[in-house]
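# Report on the structure
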Amino acid sequence: RAASLDRSTRGSTTTLSADEDNINVVVRVRPVNETERSHGEREILEFPGKGQVICPGTVTGQKHKVFSYNVVFEPAASQEDVLEYSGVKRLLEMAVEGFSCTAFCYGQTGSGKTHTLSGPPGLIESGASPYSSEHGLVVRSFVYLFQLIRDRPDCHFILKASFLEIYNEKVIDLLNPGTSRKPLQVRWSKESRSFYVENLFTVDCEELDDLFAVLEEGTRNRAVGAHAMNAHSSRSHTLLSVRVRRDVRSERDVTCSTHGKINFVDLAGSEITKRTHSTGKTLEEANNINRSLMVLGYCIAQLSDGKKRGHIPYRDSKLTKLLADSLAGNGVTLMIACIAPTRSNLNETVNTLRYAARAKKIKSKPIVKMDARDALILSLKREVEALQAENQHL
Ligand code: ADP
Ligand code: MG
């Protein structure tokens with residue numbers, strides 16, 4: 001019985017064609033800002049097209065470096081361009097089909113991670129119209145997600161959203177932070193075979209406005225926390241998750257459910273991995289912030305090492321536990337590497353571009369998540385159909 005359940009579960013998972021990568025790596029370059037301009041700085045990167053970025057050498061006499069990605073968004077690119085050409089639409093389509101998908105922004109503080117996901121500072125909290133041209137990828141993705149849902153009147157959808165922050169390896173619920181901001185525990189669920197956050201507030205989102213409300217509330221609460229602690233936002237990771245359950249009713253009146261997910265992750269500034277001079281509490285803090293980012297780096301390195309892919313240390317940090325199912329191959333990951341275009345940022349830019357180049361090598365096959373019971377029903381149904389077809393030939 002267990003064996004047949006296992007076989008049918010595997011038999012009914014959908015695998016993507018082998019030529020489809022399960023990680024898409026794009027780069028976004030922010031414009032030179034006013035402060036940089038007033039210091040006489042200018043753009044020193046070149047973009048010859050074909051997803052390439054050319055960096056000058058970091059020390060005199062060193063040759064320039066060429067990096068290649070799926071897409072490069074130059075400083076003039078709009079928020080809409082990022083929605084259209086980053087591949088995030090594919091992620092959303094896959095989340096609707098039952099895959100676990102993650103879009104994350106990586107880069108040093110000030111490189112445009114929050115701008116790319118949410119828009120300029122204060123925009124979300126101001127309650128601006130969701131159709132403002134300034135809005136980032138998250139709001140645009142919500143709009144697209146609801147478009148996809150409207151296109152499938154044959155299915156019933158249930159959307160649940162949550163929004164959390166990981167600061168100093170502590171998980172804070174951004175929708176329900178409480179006065180003491182008491183941290184929540186990350187636990188393993190045997191049933192769904194994935195990690196989850198215990199007692200995390202999840203909001204049923206029947207309409208687009210419900211998703212916007214989640215984003216607004218969480219963003220406000222994050223700002224409150226950030227105010228209380230110096231440099232907080234550059235040291236914390238935020239994870240906004242929308243779970244998409246889809247019930248499909250087939251012609252034979254069998255209902256089958258898929259459980260997809262889309263995560264949006266705004267990572268802590270990548271420069272903190274090198275701040276090792278700190279002492280006391282700050283050292284613990286640095287290590288803990290380091291931990292999620294460092295472990296993410298290890299996981300990416302392991303996953304991208306096609307030949308000797310060994311143990312992948314998802315369990316070593318809160319962030320990687322929560323992203324494990326999309327990184328491990330149940331879904332598709334979009335990495336947006338954010339960089340600044342000026343010389344004063346060149347060292348960090350090269351680090352980010354290297355990290356992104358490594359992530360691009362990850363290869364694994366995404367699979368759809370289904371209830372074991374549904375998977376069994378589906379496979380029995382297929383068997384019956386096969387037998388009927390055989391009978392017809394006799
Ligand atoms: P990070 O989240 O990586 O620390 P931010 O997203 O806060 O960086 O960006 C720093 C500043 O630069 C913000 O004021 C932001 O609005 C601005 N900025 C970043 N990217 C862009 C962009 N592509 N176009 C215009 N302004 C940008
Ligand atoms: Mg930010």
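The shown structure was predicted, so the numbers you read here are calculated from the model rather than taken from an experiment.

### Notes on the overall build of the protein
Counting its regular elements, the protein contains 12 helices and 14 strands. By residue count, 39% of the 394 residues in the protein fall in the buried class. In the protein, 72% of the contacts between residues at least 6 apart in sequence involve partners at least 24 apart.

### What to know about the confidence of the model for the protein
On average, the protein scores 83 in pLDDT, and the residues at 70 or more come to 80%. Note that pLDDT drops below 50 for residues 1-19; the model gives that stretch 20 contacts with residues more than four away or on any other chain. Counting contacts from residues 275-279, a segment whose pLDDT is below 50, to residues more than four positions away or on other chains yields four contacts. Scored as a whole, the predicted complex attains pTM 0.86, and scored at its interfaces, ipTM 0.99.

### Notes on the site of ligand 1
In the neighbourhood of ligand 1, 16 residues make up the surrounding shell, with Arg 30, Gly 112, Lys 113, Thr 114 and His 115 lying closest. Per-element tally for the shell around ligand 1: the top contributor is helix α5 (residues 113-117), with three residues. For the shell around ligand 1, the per-class residue count stands at four nonpolar, 10 polar and two charged.

### Examining the sheet that holds strand β4 (residues 65-68)
Ordered by their spatial adjacency, three strands build an open sheet running β2-β3-β4, and the pairing between neighbours is antiparallel. Two strands lie at the open edges of the sheet, namely β2 (46-49) and β4, each paired on one side alone. On average, each strand axis in the sheet is inclined to that of its neighbour by 25°, with strand direction left out of account. Both strand β3 (residues 52-55) and β4 contribute to a ladder of four bridges, which runs antiparallel.

### Observations concerning the environment of Ser 250
Position of Ser 250 relative to the elements: it lies in the loop between β12 (237-249) and β13 (255-266). By C-beta crowding, Ser 250 is classed as exposed, having 12 other C-beta atoms within 10 Å. Sequence spacing of Ser 250 and Gln 388 is 138 residues, and the spatial spacing of their C-alpha atoms is 17 Å.

### Focus on the nonpolar core
Judged by nonpolar contacts, the single largest core of 80 residues is most densely connected at Val 27, Leu 91, Ala 95, Met 335, Ala 337 and Ala 356. If we skip the residues at most four places from it in the chain, Val 27 touches Val 53, Tyr 69, Val 72, Phe 73, Ala 337, Ile 339 and Ala 356.

### Considerations on the UniProt feature "binding site: ATP" (unreviewed entry) in the protein
In this numbering, the UniProt entry assigns the feature "binding site: ATP" (unreviewed entry) to Gly 107, Gln 108, Thr 109, Gly 110, Ser 111, Gly 112, Lys 113 and Thr 114. Following the sequence through the fold, Lys 113 ends up in helix α5. Assessed through the 29 C-beta atoms surrounding it within 10 Å, Lys 113 is described here as buried. Along the chain, the position of Thr 114 falls in helix α5.

### Structural notes on the packing of helix α4 (residues 88-97) against helix α6 (residues 137-150)
Two elements in contact, α4 and α6, have axes separated by 10 Å at closest approach and are oriented at 45°. With respect to each other, α4 and α6 are oriented oblique. For the pair α4 and α6, the sense of crossing is right-handed. Of the residues in α6, those touching α4 at Val 88, Lys 89, Leu 92, Glu 93 and Val 96 are Leu 137, Ser 141, Tyr 144, Leu 145 and Leu 148.

### Let's talk about the pairing of β12
The sheet contact formed by strand β7 (residues 155-167) and β12 spans 12 bridges and is antiparallel. In the sheet register, Phe 157 faces β12, and the bridge partner there is Arg 246. In this sheet, β13 lies alongside β12 in antiparallel orientation, the contact comprising 12 bridges. In the sheet register, Leu 239 faces β13, and the bridge partner there is Val 265.

### Describing α4
If you check which residues of α4 are buried, you get Val 88, Leu 91, Leu 92, Met 94, Ala 95 and Val 96. As for α4, its buried residues are in contact with α3 (79-85), β6 (100-106), α6, β12, β13 and β14 (333-339). Just downstream of α4, Gly 98 is the residue with a positive phi angle, here 115°.

### Some details on the pairing of β3
Two elements, β2 and β3, share two bridges in a ladder whose sense is antiparallel. Residue pairing for β3: Glu 46 is matched across the bridge by Ile 54. What sits between the antiparallel neighbours β2 and β3 is a turn of two residues, in which Lys 50 has the positive phi angle 55°.

Analysis parameters
- Residues numbered from 1 in each chain as written.
- Chains lettered and ligands numbered in written order.
- Predicted model: local features only at pLDDT ≥ 70, side-chain atom pairs only at ≥ 80, totals over all residues.
- Helix = DSSP H or I, 4+ residues; strand = E, 2+ residues; numbered from the N terminus.
- Buried ≥ 20, exposed ≤ 12 C-beta atoms within 10 Å, placed from the backbone.
- Contact = placed C-beta atoms within 7 Å.
- pLDDT = per-residue confidence, 0-100.
- Near = placed C-beta within 6 Å.
- Nonpolar A, V, L, I, M, F, W, Y, C, P; charged D, E, K, R; others polar.
- Pairing = 2+ DSSP bridges.
- Axes fitted to C-alpha atoms, helices over the stretch in contact; angles between N-to-C directions.
- Core = buried A, V, L, I, M, F, W, Y, C linked by C-beta atoms within 7 Å.
- UniProt positions renumbered as here; feature names shortened; annotations may be inferred.
- Parallel < 35°, antiparallel > 145°, perpendicular 65-115°, else oblique.
- Left-handed = near helix turned anticlockwise from the far one by under 90°.

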